[in-house]
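Notes for the structure review
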Amino acid sequence: MAGILFLCLALLSSPAPFSLLFAIILHESAHIIAARLLGFCPVSLTLTAGGIKLSFHKERGLFPSLAVLFAGSLSGALFSLLPFLPLYFRLYSAGLSTVNLLPISCLDGGGILLLLLERFMLPDRAYRIARGVSVAFVLMLWAISCAVQLKAGANLSLLAVSLYLTITALGEKGSGSG
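Residues numbered from 1 in each chain as written. Predicted model: local features only at pLDDT ≥ 70, side-chain atom pairs only at ≥ 80, totals over all residues. Heavy atoms only, no water.

1. Things to note about the environment of Ser145
Tracing the backbone shows Ser145 in helix 6 (residues 123-152). Taking the relative accessible area as the measure of exposure, Ser145 reaches 0% and is therefore buried. With 16 residues separating them along the chain, Ser145 and Val161 place their C-alpha atoms 8.9 Å apart. (Helix = DSSP H or I, 4+ residues; strand = E, 2+ residues; numbered from the N terminus. Buried < 20%, exposed > 50% of the residue type's maximum accessible area, 1.4 Å probe, protein only.)

2. As for the nonpolar core
Core analysis: the biggest nonpolar cluster contains eight residues, these being Ile104, Cys106, Leu107, Val138, Leu141, Tyr164, Leu165 and Ala169. Of all elements in the fold, only helix 6 and helix 7 (157-171) reach the threshold of two or more residues within this core. Ranked by the residues each element gives to this core, the list is headed by helix 7, at three residues. The next biggest cluster of nonpolar side chains, apart from the first, holds seven residues, and it includes Ala30, Ala34, Ala35 and Val68. (Core = buried A, V, L, I, M, F, W, Y, C linked by side-chain atoms within 4.5 Å.)

3. Here we look at the packing of helix 5 (residues 108-120) against helix 6
Relative orientation of the contacting elements helix 5 and helix 6 amounts to 145 degrees, with a least axis distance of 9 Å. Considering the relative orientation of helix 5 and helix 6, their crossing is right-handed. Packed against helix 5, whose contacting residues are Leu113, Leu114, Leu117 and Glu118, the element helix 6 presents Pro123, Ala126, Tyr127, Ile129, Ala130 and Val133 at the interface. Its residues assigned to classes, the contact of helix 5 with helix 6 comprises nine nonpolar, no polar and one charged. (Axes fitted to C-alpha atoms, helices over the stretch in contact; angles between N-to-C directions. Left-handed = near helix turned anticlockwise from the far one by under 90°. Contact = heavy atoms within 4.5 Å. Nonpolar A, V, L, I, M, F, W, Y, C, P; charged D, E, K, R; others polar.)

4. Section: the side chain of His31
Tracing the chain through its elements places His31 in helix 2 (residues 17-37). In this structure His31 touches Leu54, Val68, Leu69, Ala71, Gly72 and Asp108, once residues within four positions along its chain are discounted.

5. What about the packing of aromatic side chains?
As enumerated under the stated definition, the model contains three aromatic pairs in all. Summarising the aromatic geometry, the rings of Phe79 and Phe89 are spaced 5.9 Å apart at their centres and angled 70 degrees between planes, so their arrangement reads as edge-to-face. With a gap of 10 residues between them, Phe79 in helix 3 (residues 62-80) and Phe89 in helix 4 (residues 87-100) connect regions that are remote in the sequence. Taken together through their ring pairs, the aromatic side chains of Phe22, Phe79 and Phe89 make up a single cluster. (Phe/Tyr/Trp six-rings, centres within 6.5 Å; stacked < 30°, edge-to-face > 60°.)

6. Comments concerning the side chain of Asp108
Topologically, Asp108 is positioned in helix 5. What makes Asp108 buried here is its relative accessible area of 10%. Excluding anything up to four places from it in sequence, Asp108 contacts His27, His31, Leu69, Ser73 and Asn100.

7. What about the packing of helix 2 against helix 4?
The geometry of helix 2 relative to helix 4 is characterised by a closest axis approach of 8 Å and an angle of 45 degrees between their N-to-C directions. Judged by the inter-axis angle, helix 2 sits oblique to helix 4. Where helix 2 crosses over helix 4, the two elements pack in a sense that is right-handed. Taken together, the residues of helix 4 that come into contact with helix 2 (itself represented by Ser19, Leu20, Phe22, Ala23, Ile24, Leu26 and His27) are Tyr88, Phe89, Tyr92, Ser93, Leu96 and Asn100. Of the residues contributing to the contact of helix 2 with helix 4, the split by class is nine nonpolar, four polar and no charged. (Parallel < 35°, antiparallel > 145°, perpendicular 65-115°, else oblique.)

See the structure below:
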């Protein structure tokens with residue numbers, strides 16, 4: 001519910017809502033396309049606070065899982081470099097690519113961190129460490145957001161993102177990489 005509310009607020013406050021929506025759709029589609037190209041058929045697709053969560057029939061290995069997680073950011077980075085696309089779409093694609101790589105549990109970067117940690121330690125310990133890193137990064141976003149608010153005044157977008165990521169990161173339960 002928080003994800004849908006945040007998406008609606010982001011679209012309403014965006015100067016180019018269709019560019020934002022299209023950038024999000026392409027980012028999430030890249031995850032699905034990468035999974036299909038690697039031979040994984042998603043069994044279910046769930047809308048979560050951080051985007052979509054794919055569930056698969058069989059276990060994925062480390063490198064295919066990383067490829068699926070990196071696919072969204074890679075596609076956004078590539079689209080942001082194409083000069084013939086609208087400026088706002090390129091800016092949103094670049095922004096989504098960058099933010100999604102932060103090691104926050106509800107983002108792609110959080111999934112990447114958890115996968116790498118699980119490679120070297122037990123899943124419960126990996127989850128606790130990944131969650132600690134996630135909270136640290138959310139707190140860092142809060143600090144940056146407060147500094148921006150003091151400097152710029154009325155720009156609430158970073159503050160809204162920080163609040164949203166705090167709610168989703170702290171509200172996440174369970175261990176595992178989704």
